[in-house]
Amino acid sequence: AQSVAQPEDQVNVAEGNPLTVKCTYSVSGNPYLFWYVQYPNRGLQFLLKYITGDNLVKGSYGFEAEFNKSQTSFHLKKPSALVSDSALYFCAVRVQYNFNKFYFGSGTKLNVKP
Amino acid sequence: GAVVSQHPSRVICKSGTSVKIECRSLDFQATTMFWYRQFPKQSLMLMATSNEGSKATYEQGVEKDKFLINHASLTLSTLTVTSAHPEDSSFYICSARSGTSGGPTSYEQYFGPGTRLTVT
C-alpha cells in the first residue's frame, strides 16, 4: 500500500531561523513527490514537486525540498522562516501506474514566531 | 493560469436537505476533476474521480448515492450532498487536471479554495 508520513504534527520555529518539515513515503515504483501549503479555510497551494532529475528541488516562496531515495524522504526546507510561512503543510505522493491519485500525509502545522 | 474556483465557499444547511457544491476550472479544460474531503486537523481523503461525460469513480467507503457527482462539461463538476446529516459537515475541496497524456508532468492537479459545509 502507498503511504506518506509526516511525523510531526507541529513545528515551531523563530522567524529568521531555518525550518524543516519532514516527510517520508512508501510506494511501489517510482514516486512523484509534492508539497502543498494550506492557509485556514483555503484550498491547497502548490509549493514544489519532484518528478526526476536533481534531488534538490526549489519551489515557491523560497522553499526547497530534497529527495532522498535511500531514506525514502522528501523533507521541506527554508533557510530563513517568515511569520507569513505559518500554515499547514502537506506532503503528497503519486505513483507511476495511477497519476490521478494523490496520497497525502497527515499534515504539519508550521508556527513561525516573531 | 490554472485557476480552480468553488462555490459556495461556505454553506450551512439543515439536516435532511441537499446541498450542491460547484467546482469550475476558469482558464483551462479539465478532463478530470477530483473531490476530496478534509476533516478538522486531518489530511485530505479522495472521495471520487470524475471524468467529463461519464460516471464518477468513487473510493472505497464513499456512498455514491449520498455524494452525487456530475461532470457535465470540461469546466464544471458538481458535488451534491443528499439528505445531509451533521456528520457530513466537513471541508470539501475539488481539484482539476488539465492533461490527458504525456507522462506525469502533464497530470498536474490544481486545487480549488474549498467549501466549508456545516449541517445543523
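This write-up is about the structure you can find in this document. (Residues numbered from 1 in each chain as written. Chains lettered and ligands numbered in written order. Predicted model: local features only at pLDDT ≥ 70, side-chain atom pairs only at ≥ 80, totals over all residues. Heavy atoms only, no water.)

Let's shift gears to the state of the cysteines. A covalent bond between the sulfur atoms of two cysteines is referred to as a disulfide. The final tally for this structure, using the stated rule, is two disulfides over all chains. Covalent S-S linkage joins C23 of chain A and C91 of chain A, the inter-sulfur distance amounting to 2.0 Å. Because the sign of the S-S torsion sets the handedness, a value of about -65° for the bond joining C23 of chain A and C91 of chain A places this disulfide among the left-handed ones. Linking C23 of chain A in the loop between β3 (19-21) and β4 (24-26) with C91 of chain A in strand β10 (residues 87-95), this pair joins segments that are 68 residues apart in sequence. The same class applies to C23 of chain A as to C91 of chain A, namely buried. The disulfide partner of C23 of chain B is C94 of chain B, and the gap between their sulfur atoms is 2.0 Å. Taking the sign of the torsion about the S-S bond as the criterion, the disulfide between C23 of chain B and C94 of chain B, at about 80°, is right-handed. You can see C23 of chain B sitting in strand β3 (residues 19-25) and its partner C94 of chain B sitting in strand β9 (residues 90-97), a full 71 residues away along the chain. Per residue, the accessibility class of C23 of chain B equals that of C94 of chain B, and both read buried. Left without a disulfide partner, C13 of chain B is nearest to the cysteine sulfur of C94 of chain B, which lies 18 Å away. Given a relative accessible area of 9%, C13 of chain B falls into the buried group. (Disulfide = S-S within 2.5 Å. Helix = DSSP H or I, 4+ residues; strand = E, 2+ residues; numbered from the N terminus. Buried < 20%, exposed > 50% of the residue type's maximum accessible area, 1.4 Å probe, protein only.)

All names here are of chain B. An order of β1-β3-β8-β7 is seen for the four strands of this open sheet, with the pairing classed as antiparallel. A strand with exactly one partner marks an edge of an open sheet, and here the two such strands are β1 (4-7) and β7 (67-73). Recorded for the sheet is a direction-independent mean angle of 15° between the axes of neighbouring strands. Sheet topology note: the β1/β3 ladder contains four bridges and is antiparallel. Looking at the pairing, V4 lines up with S25 of β3. (Pairing = 2+ DSSP bridges. Axes fitted to C-alpha atoms, helices over the stretch in contact; angles between N-to-C directions.)

With that out of the way, let us pick up the pairing of strand β6 (residues 44-50) of chain A. All names here are of chain A. Here strand β5 (residues 31-38) pairs with β6 via six bridges, running antiparallel. By the bridge assignment for β6, W35 is matched with L48. Here β5 folds back onto β6 in antiparallel fashion, the turn holding five residues, of which N41 has a positive phi close to 60°.

Before going further, it helps to examine the nonpolar core. Among the nonpolar cores identified, the biggest contains 28 residues, and W35, L47, L48, F74, L76 and Y89 of chain A are the most heavily contacted of them. Elements with a contribution of two residues or more to this core: β2 (10-14), β3, β5, β6, β8 (64-68), β9 (73-78), β10 and β12 (108-113) of chain A. In terms of residues, this core owes the most to one element, β10 of chain A, which gives five residues. Apart from residues lying up to four places away in sequence, L48 of chain A is in contact with L33, F34, W35, V57, K58, G59, F63, E64, A65, F74 and L76 of chain A. Membership of the second largest hydrophobic core comes to 24 residues, among which are V19, A30, F67 and I69 of chain B. (Core = buried A, V, L, I, M, F, W, Y, C linked by side-chain atoms within 4.5 Å. Contact = heavy atoms within 4.5 Å.)

What follows deals with the interface of chain B and chain A. The partner chain A presents 20 residues to the 25 residues of chain B that form the contact. Summed over the shared surface of chain B and chain A, the result is zero salt bridges. Counting the contacts that link chain B with chain A gives three residue pairs in polar contact (both at pLDDT 80 or more). Elements with a contribution of two residues or more to the side of chain B that touches chain A: β4 (32-38), β5 (44-51), β9 and β10 (109-111) of chain B. No other element matches β4 of chain B, which puts four residues into the side of chain B that touches chain A. (Salt bridge = Lys/Arg side-chain N within 4 Å of Asp/Glu carboxyl O. Polar contact = N/O pair within 3.5 Å; in protein donor to acceptor, adjacent residues only side chain to side chain.)

In this structure, A5 of chain A sits in strand β1 (residues 3-5). Excluding its chain neighbours within four sequence positions, the residues that come into contact with A5 of chain A are K22, C23 and T24 of chain A.

For the rest of this paragraph, the subject is the packing of aromatic side chains. Applying the stated criterion across every chain yields a total of 17 aromatic pairs over all chains. On the basis of an interplanar angle of 80° and a centroid distance of 6.1 Å, the ring pair of F104 of chain A and F111 of chain B is categorised as edge-to-face. Here F104 of chain A is found in strand β11 (residues 98-104), whereas its partner F111 of chain B is found in strand β10 on a different chain. Judged on exposure class, the residue F104 of chain A and its partner F111 of chain B are both buried. One aromatic cluster is present, built from ring pairs that chain together F34, Y36, F46, F90, F102 and F104 of chain A together with Y36 and F111 of chain B. (Phe/Tyr/Trp six-rings, centres within 6.5 Å; stacked < 30°, edge-to-face > 60°.)

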